[in-house]
Amino acid sequence: QVQLVESGGGLVQVGGSLRLSCAASGRTFSSSAMAWFRQAPGKEREFVAVIRRVGRSTYYSGSVKGRFTISSDNAKNTLYLQMNSLNPEDTAVYYCAAGRDYYSDYDSAGRYDYWGQGTQVTVSS
């Protein structure tokens, strides 16, 4: 089992920045991929970014590429999401996810085995 706890969400103005953190505990060595998803009110959960444990490859959704950066500190078992140039469309609950295996369809929520409780990000105009 892997437990995930997100933090760092909050209210920010358009153009501002936030850094989300996700602290992992438990059998963290069993996670081959870690990702961020988000869900806005009335919308489905959508993929934001993923990082592979081995090789540290990263992939982003088109809507955040160039603005968001995913990273991890394996020694601290912590995943990060640096979010810059935020806009109102980024308002959502952001979830951290961990998968035992890495799949080519890494943008599918069903490929992840463990989820955090989420942290709210609100971007005001």
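Just above sits the structure.
Residues numbered from 1 in each chain as written. Predicted model: local features only at pLDDT ≥ 70, side-chain atom pairs only at ≥ 80, totals over all residues. Heavy atoms only, no water.

Enquirer: A description of the state of the cysteines should follow, citing residues and the corresponding values.
Expert: Enumeration according to the criterion identifies one disulfide in this entry. The disulfide that involves Cys 22 links it to Cys 96, with 2.1 Å between the sulfurs. The chirality of the disulfide connecting Cys 22 with Cys 96 is left-handed, given an S-S dihedral of about -75 degrees. Placement of Cys 22 in strand β3 (residues 18-26) and of Cys 96 in strand β9 (residues 92-99) is noted, with a sequence separation of 74 residues between them. We classify Cys 22 as buried; its relative accessible area is 0%. In this structure Cys 96 comes out as buried when scored by relative accessible area, which is 0%. (Disulfide = S-S within 2.5 Å. Helix = DSSP H or I, 4+ residues; strand = E, 2+ residues; numbered from the N terminus. Buried < 20%, exposed > 50% of the residue type's maximum accessible area, 1.4 Å probe, protein only.)

Enquirer: So what's going on with the side chain of Arg 67? Which residues, and what values?
Expert: Positionally, Arg 67 belongs in the loop between β6 (58-60) and β7 (68-73). On the basis of relative accessibility, which here comes to 16%, the residue Arg 67 falls in the buried class. At a separation of 2.9 Å, a polar atom in the side chain of Arg 67 contacts the main-chain carbonyl oxygen of Ser 85. Every residue in contact with Arg 67, bar those within four places of it in the chain, is listed here: Gln 82, Met 83, Asn 84, Ser 85, Leu 86, Asn 87 and Asp 90. (Polar contact = N/O pair within 3.5 Å; in protein donor to acceptor, adjacent residues only side chain to side chain. Contact = heavy atoms within 4.5 Å.)

Enquirer: Can you lay out the environment of Ser 25 for me, pointing to particular residues and giving the numbers?
Expert: By secondary structure assignment, the location of Ser 25 is in strand β3. Relative accessible area serves as the criterion here: at 36%, Ser 25 is assigned to the partly exposed category. For the pair Ser 25 and Gln 3, spaced 22 residues apart in the sequence, the C-alpha separation amounts to 5.2 Å. Ser 25 has contacts with Gln 1, Val 2 and Gln 3, leaving out every residue within four places of it along the chain.

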